[in-house]
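What the coordinates show
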Amino acid sequence: MTRFSGQPSRKTSLTGLTDEGDEIWIIRSISQKFYNCLGCRGPIEIGDEHVVVQYVGKAGGTEHSHWHQRCAEEILYSQVRGMRQVSSKESSRDRLESRGRRPAGRRRRPR
Ligand SMILES: [Zn+2]
């Protein structure tokens, strides 16, 4: 258990950095398609609440994957540097794609 257990939620997302200095965003989502969780390879069915893990590269570009919330919590959370809670508005697809169009030094700090 960490202080981020059970997060993210509809109102809040989590963000921090990987060891390589890429941004990692952990966002609550409702699945529109069938996915396999990247952590356990188990199913995420249509309509399931789960988390999207989105990377925004230090040099630009984005990449995302789908996870069970618990798998992300068990496997990923301890690897995220400086993880903190932000408003889920900061982690909309548009905003993250726009962050990915700039290198890390030219991005605004999320609130
Ligand atoms: Zn899983």
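Let us look at the structure shown here. Only a predicted model underlies this, so the values are computations on that prediction, with no experimental measurement involved.

1. Observations concerning the coordination of the zinc ion
The coordination sphere of the zinc ion, as far as protein atoms go, consists of C37 (SG), C40 (SG), H68 (ND1) and C71 (SG), spread over 2.1 to 2.4 Å. In primary sequence terms, the donor set of the zinc ion follows C-x2-C-x27-H-x2-C. With C37 in the loop between β3 (35–36) and β4 (43–44) and C71 in helix α1 (residues 69–75), this pair connects stretches of sequence that are 34 residues apart. Residue C71 is classed as buried on the basis of its relative accessible area of 12%.

2. Quick word on helix α2 (residues 93–100)
For an α-helix, 3.6 residues make a turn, and residues three or four places apart therefore share a direction. Turning to α2, its buried residues number three or more, namely L96, R99 and G100. Down the axis of α2, the sector holding all buried residues measures 100°, keeping them to one side. Those residues of α2 hidden inside the fold are in contact with β2 (23–30), β5 (49–56) and β6 (62–67).

3. Quick word on the sheet that holds strand β7 (residues 81–87)
One open sheet accounts for five strands, arranged β6-β5-β2-β1-β7; its pairing is antiparallel. Among the strands making up the open sheet, the edge pair consists of β6 and β7. Strand-to-strand twist in this sheet, taken as the mean axis angle between neighbours without regard to direction, amounts to 25°. Where strand β1 (residues 12–17) lies against β7, five bridges are found, and the strand directions are antiparallel. When the sheet's bridge partners are listed, T12 is paired in β7 with S87.

Rules used throughout
Residues numbered from 1 in each chain as written. Predicted model: local features only at pLDDT ≥ 70, side-chain atom pairs only at ≥ 80, totals over all residues. Heavy atoms only, no water. Donors = N, O, S within 2.8 Å, 3.2 Å for Na, K, Ca; no water. Helix = DSSP H or I, 4+ residues; strand = E, 2+ residues; numbered from the N terminus. Buried < 20%, exposed > 50% of the residue type's maximum accessible area, 1.4 Å probe, protein only. Arc of directions from axis to C-beta. Contact = heavy atoms within 4.5 Å. Pairing = 2+ DSSP bridges. Axes fitted to C-alpha atoms, helices over the stretch in contact; angles between N-to-C directions.

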